[in-house]
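Letter by letter, the chains look like this.
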Amino acid sequence: MTPASKFLTKAFQVIAVLLLAAIFVGLGMWQLQRAADLKNSLKVATTIDTNSVPLESVATPRVSLTPTALNRTIFVTGQYIQNFKAPNQVDGDGNQADWEVALLQVNTDSAILVVRGLWSERLINPDIQQSIKIDIEGLLVASQYGDRAENSAGVISRLDSAVVTSLTDLDLYDGYVLASSESTRTGSLDRTRVTPEKLTSRIPGFYWQHLSYVVIWWLMAAVVLFLPFYRRRVTP
């Protein structure tokens, strides 16, 4: 083997080692960022902001909710235009029941789903008409992804505006409102309110699990860098 070919071989080996080590370091950096994202998402996802703000200030019809909009306490005024039964829902205390959900028309061209309370109490306020303006305060929650029942007349399979798009021409907000209070100009509407489920992060894994992977990736990078020197020492 000529000196030139030896040099090219060694250069190729050095480049290969450095490239492989850089990949492992990059994977470690990505895993470290993943751990930071998980920690931040846990803080956002499990924190309920009790400062009440207008719905329109944190959400827009036909646009997915941003992380900063989730779990915000909002207030909105509108009128109920449709009523639904949402079967097999589970509240924050682990109680399973059917819920009453209404589609609230916010203005002339938009609407949002509102969880009013238990389906068994739907007749408590029989005087509520579609023309009555209702002031609502509650928690803005992300749409559900798993069906709890089958769609049928007057029944929705999950709390998600996507399942009612065919029933209205209005622009729908993403997510739904878990009402904590309802009131009209004649007074408040008293009924059992639904407590929210325990909030969790959508980023999979655990914080320390991600950090352990960081150590593994960087350890592999160190091994790759050390291996050529080790081979040189043991080669006679």
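Residues numbered from 1 in each chain as written. Predicted model: local features only at pLDDT ≥ 70, side-chain atom pairs only at ≥ 80, totals over all residues. Heavy atoms only, no water.

## Some remarks on the pairing of strand S5 (residues 134-141)
The line we're drawing: Relative accessibility under 20% of the residue-type maximum defines a buried residue, over 50% an exposed one, and the middle range a partly exposed one, all with a 1.4 Å probe and only protein chains included. Runs of E in the DSSP output that reach at least two residues are strands. Runs of H or I that reach at least four are helices, and both are numbered from the N terminus. Two strands qualify as a pair provided that DSSP identifies no fewer than 2 bridges between them.
In terms of residue burial, S5 counts as a mostly covered element, since 6 of its 8 residues are buried. Looking at chain direction, S5 and strand S6 (residues 171-184) are connected through 7 bridges and run antiparallel. The residue bridging Leu 140 from the neighbouring strand is Val 177, located in S6.

## Overview of the nonpolar core
Put simply, the rule is: Take the buried Ala, Val, Leu, Ile, Met, Phe, Trp, Tyr and Cys residues and link them wherever side-chain atoms come within 4.5 Å; each set so joined is a nonpolar core. Contacts were defined at the residue level, with two residues in contact if any of their heavy atoms lie within 4.5 Å.
Counting residues in hydrophobic clusters, the biggest one holds 22 residues, and the most contacted among them are Leu 55, Ile 74, Tyr 80, Ile 112, Val 114, Ile 136 and Leu 140. Elements with a minimum of two residues in this core: helix H2 (55-58), strand S2 (72-90), strand S3 (96-105), strand S4 (110-118), S5 and S6. If we skip the residues at most four places from it in the chain, Ile 112 touches Leu 55, Ala 102, Leu 103, Leu 104, Val 106, Leu 140, Tyr 173, Asp 174, Gly 175, Tyr 176 and Val 177. Residues Phe 84, Leu 103, Val 141 and Leu 178 belong to the second largest nonpolar core, which totals 20 residues.

## Some words on a nonpolar patch on the surface
The line we're drawing: Patch rule: a residue counts if its relative accessible area is over 30% and it has no salt bridge; like charges are joined within 9 Å, and nonpolar side chains (Val, Leu, Ile, Met, Phe, Trp, Tyr) within 5 Å. All accessible-area figures derive from a Shrake-Rupley calculation using a 1.4 Å probe, and residue coverage is judged against the displayed protein chains alone. What makes a salt bridge here is a side-chain nitrogen of Lys or Arg within 4 Å of a carboxyl oxygen of Asp or Glu, nothing more.
A surface patch of nonpolar side chains, about 340 Å² in accessible area, is lined by Val 25, Met 29, Leu 32 and Trp 218. Considering each element in turn, the nonpolar patch owes the most residues, 3 residues, to helix H1 (residues 3-45). Following the sequence through the fold, Val 25 ends up in helix H1.

## A short note on the side chain of Ser 161
Topologically, Ser 161 is positioned in the loop between S5 and S6. With a relative accessible area of 10%, Ser 161 lands in the buried category. Residues contacting Ser 161, with those up to four places away along its chain left out, are Leu 113, Ser 143, Leu 172, Tyr 173 and Asp 174.

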